[in-house]
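Analysis of the macromolecular model
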Amino acid sequence: MATVIGKKPCAKCNKGEGGGVTTCNGCRQIFCTKHFVEHRLELSHQMDTISQDHDILRDELAKDSSTHSILTRIDNWEQESISRIQAAAENARIELRQYVDRTKNDLKCSVEKMTTELQLSQKSDDFTENDLKRWTEQLKELRKKLDTPAILSINNEDEVKSSITLIQIHEKQRPSTPTIRTSDHRSYCLKESNHTMTDRQQRSSTPISRTCDQRHLTNRDHIPTLADKQQRPSTPTLRPLNHRLSNSTTMEKFEEIDGKAVLSEDNLVVTCCLASILTQPIVYGANRYSTGKHQIRFRIEKMGDQRLFFGIIRSLENISRSGQAQNNNNFSLYGWWDLNETIVNGKTQTSKYRSIVTTGDELTLILDCENKQIQLQHHRTKRLAQCSLDLDKCPFPWKIVIRLQSAGDCIRILR
């Protein structure tokens, strides 16, 4: 008797005996005639979708690559760097002109003095060979100073702190989103970063003042190291090179004094000799600040009953003695009397007088040119006063200014 061989049912309709007539070589399922045709139609639709995605990708690859989002970051960095370089160059020109003018004025004074001496000697006819020799040497020395002034140098970024961080394209091991690595090794998603150069340009310059506790502050501008080369990744990131130096103490000195005070120890110490409303010493620093972040640390060697002022002013301006000490017409003056009374645009903004600074205390004045702000750190109490600057009122370059009020007041710059 003949044996009937059973057939497997269709995977779609689950028909009984005789349902499945063919097997798909891909999914290995058995279908009846009707559902096999439908199965092939589904595969055709999937093929059409893949073809469309392929065509879209091919068209995007053919488009101009200049619209990449990271290219926008590079363009912003380029424009900001150019602006900073131009500002630094203009500041250097101003400082050079000031130096040349000071040199000429010094020479004019020397020449005028010599002119008077020559005229008197000629009129009285009492000069000798020694006088002639001395005048000849003086003329040679003056001529030498005019033709070859004191040697000037241009510091490169290995000698001073640079505020321009160079960048380069660096590939990483397939991160999910292109990132930018900063000099303190923190990474942010480009689409989430709030620290782009464009954002910094748009920050408000409205003066503000606040005091905060500094127990948890950290030094973020340390010297970064380049990461080791990684294996062939696929997504580009922006990575800065190591051209930003750490915020070490700036090599500052006292230079100009208005009032009764003396400098000593290579201009690192200033001492008030006599103090009255007309003679209270106002002392200015030698450096000029336009870029980067700088720290000048002071120690109060001796302090009387009156408060001390620490702050900055535009380099081409000095404090006017008209009016009261805490309020004057110097719109570029910013800083603090003691630590609680803030001066903004030459005017008192907060007046919560309570003596904090005293003999033996150390303070650090921080000039953050990049973020247009200054800070005063009081180390004993771990307090930090902060003030934002309006560049329209106080343009670069800046110079530090200190005011003493009591005879015997003495401040030292620490290095």
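These figures come from a predicted structure and were not determined experimentally.

**Focus on the overall build of the protein chain**
Broken down by element type, the protein chain carries four helices and 21 strands. Every one of the 415 residues in the protein chain was classed for burial, and the buried ones make up 34%. At a minimum sequence separation of 6, the contacts of the protein chain that also span at least 24 residues come to 66%. Summing over all exposed atoms, the protein chain offers an accessible surface of approximately 25,700 Å²; the carbon and sulfur share of this is 51%.

**Regarding helix H2 (residues 69–124)**
Here H2 spans 83 Å end to end across 56 residues, near enough to the 82 Å set by a 1.5 Å rise per residue. Residue Asp-125 follows H2 closely and has a positive phi angle near 55 degrees.

**Observations concerning the pairing of strand E10 (residues 269–272)**
Judged from the four bridges that link them, strand E9 (residues 261–264) and E10 form a sheet pairing that is antiparallel. When the bridges of E10 are listed, Ser-264 appears paired with Val-269. Hairpin connection from E9 to E10: four residues lie between these consecutive antiparallel strands, with Glu-265 at a positive phi of about 55 degrees.

**Comments concerning the packing of aromatic side chains**
Under the defined criterion, the tally for this structure stands at five aromatic pairs. Taken together, Phe-254, Phe-298 and Phe-310 form an aromatic cluster joined through their ring pairs. Directly above the ring of Tyr-284 sits Lys-399, whose terminal nitrogen or CZ lies 4.4 Å from the centroid.

**A word on the sheet that holds strand E16 (residues 347–348)**
Ordered by their spatial adjacency, seven strands build an open sheet running E8-E11-E20-E13-E14-E15-E16, and the pairing between neighbours is antiparallel. The open sheet has two free edges, formed respectively by strand E8 (254–258) and E16, since each of these has just one partner strand. Relative to strand E14 (residues 334–337), strand E13 (residues 309–314) runs antiparallel, the two being bridged by four bridges. Considered in E14, the bridge of Gly-311 is made with Gly-335.

**Details of the pattern of salt bridges**
Using the criterion set out here, one finds 14 salt bridges in the structure. Glu-80 serves as the salt-bridge partner of Arg-84, at 3.3 Å between the closest nitrogen and oxygen. Of this pair, Arg-84 and Glu-80 are both found in helix H2, four residues apart, which corresponds to roughly one turn of the helix. On the accessibility criterion, Arg-84 (17% relative accessible area) is buried. Residue Glu-80 is classed as buried on the basis of its relative accessible area, which comes to 7%. The shortest N-O distance in the salt bridge between Asp-266 and Lys-253 comes to 2.8 Å. One end of the pair, Asp-266, is in the loop between E9 and E10; the other, Lys-253, is in the loop between strand E7 (235–240) and E8, and 13 residues separate them in sequence. Judged by relative accessible area, which is 52%, Asp-266 ranks as exposed.

**Focus on the side chain of Lys-399**
Looking at the secondary structure, you find Lys-399 in strand E20 (residues 398–403). For the buried Lys-399, no salt bridge is present, and the opposite-charge side chain at shortest range is Glu-256, 4.2 Å distant. Looking at Lys-399, its side chain comes within polar contact range of the main-chain oxygen of Ser-315, at 3.2 Å. Polar contacts involving the side chain of Lys-399 include one to the side chain of Asn-318, which spans 2.7 Å. Leave out the neighbours within four places in its chain, and Lys-399 touches Glu-256, Tyr-284, Gly-285, Asn-287, Arg-288, Gly-311, Ile-312, Ile-313, Arg-314, Ser-315, Glu-317 and Asn-318.

**Some remarks on the nonpolar core**
In terms of nonpolar packing, the biggest core is built from 36 residues, with Phe-298, Phe-310, Ile-312, Leu-367, Ile-374 and Ile-411 touching the most fellow members. With near-sequence residues (within four places) excluded, Ile-312 lies in contact with Ser-332, Leu-333, Tyr-334, Leu-365, Leu-367, Ile-374, Leu-389, Cys-394, Trp-398, Lys-399, Ile-400 and Val-401. By size, the runner-up hydrophobic cluster in this structure holds nine residues, among which are Phe-309, Leu-333, Trp-337 and Val-401.

**Quick notes on unusual backbone geometry**
Cis geometry marks the peptide bond from Phe-396 to Pro-397, where omega comes out at -5 degrees. Its place among the elements puts Pro-397 in the loop between strand E19 (383–388) and E20. Despite not being glycine, Lys-372 has its phi angle at roughly 55 degrees, a positive value. With respect to the helices and strands, Lys-372 occurs in the loop between strand E17 (362–368) and strand E18 (373–378). Positioned with a positive phi, Lys-382 is a non-glycine residue whose angle comes to about 55 degrees. Position of Lys-382 among the secondary structure elements: in the loop between E18 and E19.

**Topic: the pairing of strand E21 (residues 410–414)**
In terms of burial, E21 is a largely internal element, five of the five residues being buried. Here E21 shows no split at all, with Cys-410, Arg-412 and Leu-414 on one side and Ile-411 and Ile-413 on the other all buried. One ladder, built from three bridges, connects E10 with E21; its direction is antiparallel. Bridge pairing in E21 places Val-269 opposite Arg-412. Judged from the five bridges that link them, strand E12 (residues 293–302) and E21 form a sheet pairing that is antiparallel. Looking across to E21, one finds that Ile-300 is bridged to Ile-411.

**With respect to the environment of Tyr-289**
Along the polypeptide, Tyr-289 turns up in the loop between strand E11 (282–285) and E12. Expressed as a C-alpha distance, the spacing of Tyr-289 and Cys-369, which sit 80 residues apart in the sequence, is 7.4 Å. Those residues in contact with Tyr-289 that sit more than four places away from it in its chain are Thr-250, Glu-252, His-294, Ile-296, Leu-367, Cys-369, Phe-396, Pro-397, Trp-398 and Ile-400. Engagement of the side chain of Tyr-289 in a polar contact is seen with the side chain of Glu-252, the distance being 2.6 Å.

What counts, and where the lines are drawn
- Residues numbered from 1 in each chain as written.
- Predicted model: local features only at pLDDT ≥ 70, side-chain atom pairs only at ≥ 80, totals over all residues.
- Heavy atoms only, no water.
- Helix = DSSP H or I, 4+ residues; strand = E, 2+ residues; numbered from the N terminus.
- Buried < 20%, exposed > 50% of the residue type's maximum accessible area, 1.4 Å probe, protein only.
- Contact = heavy atoms within 4.5 Å.
- Areas by Shrake-Rupley, 256 points an atom, 1.4 Å probe, with all protein chains shown as cover.
- Expected span 1.5 Å × (residues − 1).
- Pairing = 2+ DSSP bridges.
- Phe/Tyr/Trp six-rings, centres within 6.5 Å; stacked < 30°, edge-to-face > 60°.
- Lys NZ or Arg CZ within 6 Å of the ring centre and 35° of its normal.
- Salt bridge = Lys/Arg side-chain N within 4 Å of Asp/Glu carboxyl O.
- Lys, Arg positive; Asp, Glu negative; His and termini not counted.
- Polar contact = N/O pair within 3.5 Å; in protein donor to acceptor, adjacent residues only side chain to side chain.
- Core = buried A, V, L, I, M, F, W, Y, C linked by side-chain atoms within 4.5 Å.

Don't take any of this as a statement about function, it's just geometry.
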